[in-house]
Amino acid sequence: MAGVAPGGSGSGSDIYRGNGPRLMLPVWVFIGIFLLLPVILMAVYSFLTKEFRGGVIWDFTLAAYDQFFLNRGLFGDEPATIEWTYIGIFWRSIWQAGLATVFCLLIGFPTAWYVATRPASTRSVWLFLITIPYWVNLLIRTVSMKFLLRDTGPLNEFLMWTGLISDPLSLINTNFAVQVGLFYSYLPFMVLPIYAAVERYDFSLSEAAADLYCNNWTTLRLVILPAVKPGIVAGCILVFVPSLGAFLAPDLLGGAKTFMIGSLIEEQFKGAAGNWPFGAAAAMILLTLVMVVLLIHARVQVREDR
Amino acid sequence: MKTFLTTTALAMTLATAAAAEGELKIYHWFEYIPQELLDKFAAEYDVTVTMDTYDSNEALLAALKAGKLGEYDVAVPGDYMVKIMADEGMLDTFTPDELPNFGNIQDQWVDVEFDNGRHSTIPYQWGSTSFSVNTEMYDGPMDSLSLIFDAPDELKGKINVLDTAGETLTLASLYAGIPQCTSDREQLKALNALVQGAKPDWASFGSDVAKDVLVSGDAAAGMIWSGFSAKARAEGAPVQYVFPKEGMIVWMDNVALLKDAPNRDNALKFMNFLLEPENAAAVTNYAQYTAGVDGVAEFLDPEVANSPEANPPADVKGVFVQSCPEEVQVLYDAIWTNLKK
Amino acid sequence: MSQKNIAVDVDKVVKRYGSVTALHGVSLDIREGEFFTLLGPSGCGKTTLLRCIAGFEDVSDGRVRLMGQDITPLPAHKRPVNTVFQQYALFPHMTVLENVSFGLSRRGWTARDAEGRAKQMLKLVQLSDFAKRKPGQLSGGQQQRVALARALAPEPQVLLLDEPLSALDLKLRQAVRVELKQIQRETGIAFVFVTHDQEEALTMSDRIAVMSAGHVQQIGTPREIYEAPVNRFVADFIGETNLLEVAVRQVDGDRATVVLPGGHVVEVPAASGAKVGTGHLSVRPERMSTAPGGGDLTVLVEDHVYLGTDIQLHARLDDGAPLVVRIQNGAAATIPAPGTRLALDVEAGAARLLAD
């Protein structure tokens, strides 16, 4: 964000300049072992030859990427055309994750706003209440959501008891249920960064906007949203990225009827297909997509701050 | 004070020594062996037993391939997986005289195609894979796989199928009358068309939830293993296990001695222990499948002994899932991916 | 004066927060084109009153009229007044130019016209070279001027300024005072200026309303406020003064006869509301002079403070009450030693009987 005067950093860093690399060593080692190494390993695997029923043979090949992008027919003897199967799975996952992000934003923003505008003494209580469910394992939370949504679950029984509906709504094993699951799983990742941004927000800006003829809506649009944008962007990334690779919600709540990126990759490593290079290639393609999105965002951010 | 510390340390050393007398590391399916039986073995042989679980034969294979071989003493692969694991060199061998109870194995389960003469495995439980129907939601005839693959209106949208290509595509092949591991184009296309056409009627794909969806009523019909269906019935689900006229999958899970087992002796003791009729019956009473061991009958709970799931009619056809060669397997994988894309 | 000359008419405005009352029925008129200051210590209600005029607070009772029109029910964004905020409240994500043209765009100006007007405003506050910068890249004084330009751009009927100089350092504050007054004169817009700094109020204002505890104590020109305070609060808050307890013998309109400590009887100007009995007399330290032949008051000098232009004497009356006297420094000035008894004369008309 703007607000830092140029020249604010850099001065006085002489003390650290000499020791910097040495002090950073543990960080670099950590990043190297836990971040770079697995990615490099996966990148290498994606170019290896698959071994039947899992494993790899150390012969380099583009077969995995060929399988991902090119369709040669069921028996592999037709002229190559674009393979839409996996692109379709990716697109569905991106769409699903995008939708979940939008829902999380629509609910998360007012929630964060509400909490951040409470008196300081009650804020921590609200935050605590929001995070409580997340002390429970994700699997268990997803399963409990399944209990809630099923035909004989409390939600349907309540609606039937009120007389609003006479037959249970088919909620489970639908995209709606997947959305509910993703929303429930990742809402706090939206709320917390926005909360942090709103808490820092200078409310006199809202008064200034009202003073300059903005009604509530234009104030939100022209002043508040741009001011808390970093929190919103952080929240969206924190929801979108894990939603993209999620497989618990699609499997348990969506009935696993269609592959998501996550379950497609899982199937390659754990399932009967046992095609490790292909799983690695799919993961690399996903990683590349995410990196591109983050890079674009970083670029835009830098340009705006200038 | 010092004396006290020394004494404590000594006591702890002794305790550790007692615990380390023997170890056994089991890699097993989830929910497939009663804890009491493990405790019994641990007490009888003074062995510390630890167990990790997996949820499919493929997951077992993947884990062992990814470096878990050498960590476990025994695992419990299904029939076709025994063959795959043997081909991969993941199994150790034993001689019948290393297992005093070897003779308890029923004759029909000694010379099996996946381990002829039983050199690496012993029978654990066998059963069938078919499907069950909720009789409160459907009261029509129940004798055909058509209920899954060409569903009547009452069942449409309320069917769960197993989320493993092997089982679901094999049942589909049985229904379509197509041999397993075929490479015939027309047959594969027909199989592809069959599952594609049936999928809109299916509510979900799930293996570990196969019982729960029937108990909860989420599914009115669902592919399921025989013992799991019996358990669903025991939990109050009004389900009937169907023996389809087109045939069903028969499988046998086997306790396999893993290569590089860290505690080979204890592994053999455990396998011998499981061949004891009383212990084999304990597994059957728990898992509700059928043991491959002689002399079990007197130890079985009556409801298990007489369960409809474990007593198929004589004329029903059962087939083992075959492990296909690589060039054929990719075709089945493609059909499966195509189904879930 | 005629009704049309009144820009803001604050009519018996009451503001309550729960059980706390911040404004107790405040009434005042602000004339067109005048520099009007709300002066008082923190918590006196001056900022609350300003926010009631801006529309950031709803009044609990009373009316606010702008150019004769009742704006009490209007929300802030519908009132043709603009505000310069204490911490400026510039939009951090917009450039200086976007900040200044913001209100214009909201009022439906075309982008081109708004930009033209905004540039004109930036020229007025001498920030033309900074149009493309973000507020975060400006100094405090520059931000303050952007805030002023932003508030002036839509040509409000009244400009509200909420302690706009308090965030600046002393030197800058003094320079900006002059500038601000100049801009007010050039634009002819009525300024309502909130401050707790009496020097600021005295130097810039056409009229001042001194507030305390939710009440207006006195409204008047700086000179009236300083020289003719109505009560002890105003006399004490504005500048330095001595409050002498006196016996009031007689009050006759704006004149009163009082007995000074020491027994001298004098006639002094009286604030309206002054009563016979015990009263308070305000005497500014610089309005007294030594009277070698005996004067109105006799004091015992205790100490002195050398101020350069002045010498300040700390003394005590016979009854023990403290008195501060300022004598001008000069070649002839002598500094009485501590312990000296000193006779003082009060300048004619400079002592004033207060209402309380």
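### Examining the overall build of chain C
Within chain C, the regular secondary structure consists of eight helices and 20 strands. C-alpha atoms of chain C, sized along the principal axes, occupy 75 × 45 × 40 Å. By the burial criterion, 41% of the 356 residues in chain C qualify as buried.

### Considering the pairing of strand E9 (residues 207-212) of chain C
All names here are of chain C. Both strand E3 (residues 35-39) and E9 contribute to a ladder of four bridges, which runs parallel. Within E9, the residue paired with Leu 39 across the bridge is Val 210. A loop of two residues connects E9 with strand E10 (residues 215-220), the two strands running antiparallel in sequence, and Ala 213 in this loop sits at a positive phi of about 50°.

### Topic: the interface of chain A and chain C
On the side of chain C, 19 residues touch chain A, which itself brings 20 residues to the contact. In terms of residue count, helix H8 (residues 204-211) of chain A provides more of the side of chain A that touches chain C than any other element does, six residues in total.

### Some thoughts on helix H1 (residues 46-54) of chain C
Residue and element names in this part refer to chain C. In terms of burial, H1 is largely enclosed, as nine of its nine residues are buried. Where H1 is concerned, the buried positions are Lys 46, Thr 47, Thr 48, Leu 49, Leu 50, Arg 51, Cys 52, Ile 53 and Ala 54. Looking at the residues trailing H1, positive phi occurs at Gly 55, about 100°.

### Details of the domain arrangement of chain B
It is common to give the size of an interface as the accessible area that goes away when the parts come together. Residue and element names in this part refer to chain B. For chain B, the domain assignment lists domain 1 (10-126 + 251-305) and domain 2 (127-250 + 311-340). Computed from C-alpha coordinates alone, the two centres of domain 1 and domain 2 are separated by 28 Å. On the side of domain 2, 15 residues touch domain 1, which itself brings 14 residues to the contact. Sorting the residues of the side of domain 1 that touches domain 2 by element identifies helix H4 (79-87) and strand E6 (121-134) as the ones contributing at least two each. When residues in the side of domain 1 that touches domain 2 are grouped by element, the largest group, four residues, is from H4. Tallied by class, residues from the side of domain 1 that touches domain 2 come to seven nonpolar, four polar and three charged.

### Notes on the packing of helix H2 (residues 96-106) of chain C against helix H3 (residues 111-124) of chain C
All names here are of chain C. Their axes nearest at 8 Å, the elements H2 and H3 cross at an angle of 125°. Between H2 and H3, the crossing angle belongs to the class labelled oblique. Between H2 and H3 lies a crossing whose hand is right-handed. On H3, the residues touching Val 96, Leu 97, Val 100, Ser 101, Leu 104 and Ser 105 of H2 are Ala 111, Ala 114, Glu 115, Arg 117, Ala 118, Met 121 and Leu 122. Partitioning the contact of H2 with H3 into residue classes produces nine nonpolar, two polar and two charged.

### Quick look at unusual backbone geometry
Unusually for a residue other than glycine, Arg53(A) sits at a positive phi of about 60°. Here Arg53(A) shows up in the loop between strand E1 (48-50) and strand E2 (56-60).

### Remarks on the confidence of the model for chain C
Residues with a pLDDT of 70 or more make up 99% of chain C, whose mean pLDDT is 89. On the interface metric, ipTM, the complex scores 0.81, and its pTM is 0.77.

### As for the pairing of strand E19 (residues 341-346) of chain C
All names here are of chain C. Where strand E15 (residues 288-290) lies against E19, three bridges are found, and the strand directions are antiparallel. Looking at E19, one finds that Ser 289 is bridged to Asp 345. Pairing of strand E16 (residues 297-306) with E19, which is carried by four bridges, proceeds in the antiparallel orientation. When the bridges of E19 are listed, Thr 298 appears paired with Ala 343.

### What about the arrangement of the chains?
Counting contacts across all two pairs of chains that touch, the top-ranked interface belongs to chains A and B. With respect to C-alpha atoms, chain B approaches chain C no nearer than 44 Å, and the pair has no contact.

### Side note on the interface of chain A and chain B
Between chain A and chain B, the residue contacts involve 25 residues of the former and 28 residues of the latter. Looking at the side of chain A that touches chain B, the elements that each hand over two or more residues are helix H3 (84-116) and helix H11 (261-270) of chain A. Examining the composition of the side of chain A that touches chain B, we find that three residues originate from one element, H3(A), more than from any other. For the side of chain A that touches chain B, the class distribution of residues is 10 nonpolar, 10 polar and five charged.

### Quick word on the sheet that holds strand E17 (residues 310-317) of chain C
Backbone hydrogen bonds hold the strands of a sheet together, and the pairing may be parallel or antiparallel. Residues and elements named next belong to chain C. Pairing is antiparallel in the open sheet, where five strands are placed in the order E15-E19-E16-E17-E18. Both outer strands of the open sheet, E15 and strand E18 (322-328), are each paired with one neighbouring strand and no more. Pairs of neighbouring strands in the sheet enclose a mean axial angle of 50°, with direction left out of account. Pairing geometry for E17 and E18, over seven bridges, is antiparallel. Bridge pairing in E18 links Arg 316 to Pro 322.

Calculation criteria
- Per-chain numbering applies: the sequence of each chain, read as written, is numbered from 1 onward.
- For naming, the first written chain is A and the first written ligand is 1, with later ones following in the order written.
- Owing to the predicted nature of the model, reporting of local features is limited to residues with pLDDT of at least 70; listing and counting of side-chain atom pairs is limited to 80 or more, with chain, interface and lining totals taken over all residues.
- Only DSSP runs of H or I reaching four residues or more are called helices, and only runs of E reaching two or more are called strands; each is numbered from the N terminus.
- Buried residues are those with 20 or more other C-beta atoms within 10 Å of their own C-beta, exposed residues have 12 or fewer, and partly exposed residues lie in between; C-beta atoms are placed from the backbone.
- Between any two strands, at least two bridges found by DSSP are needed for them to pair.
- A pair of residues counts as a contact when their C-beta atoms, built from backbone coordinates, are within 7 Å of each other.
- What counts as a domain boundary in this text is fixed by an automatic or database domain assignment.
- The nonpolar class holds Ala, Val, Leu, Ile, Met, Phe, Trp, Tyr, Cys and Pro. Asp, Glu, Lys and Arg form the charged class, and all remaining residues, Gly among them, are polar.
- Where helices are involved, their axes are fitted lines through C-alpha atoms of the stretch in contact, as for all axes, and angles between N-to-C directions lie from 0 to 180°.
- By the definition adopted for this analysis, an angle is roughly parallel if under 35 degrees, roughly antiparallel if over 145, roughly perpendicular if from 65 to 115, and oblique otherwise.
- Should the near helix be turned counterclockwise from the far one by less than a right angle, the crossing is left-handed, whereas a clockwise turn marks it as right-handed.
- Residue-level confidence of the predictor, termed pLDDT, takes values from 0 up to 100.

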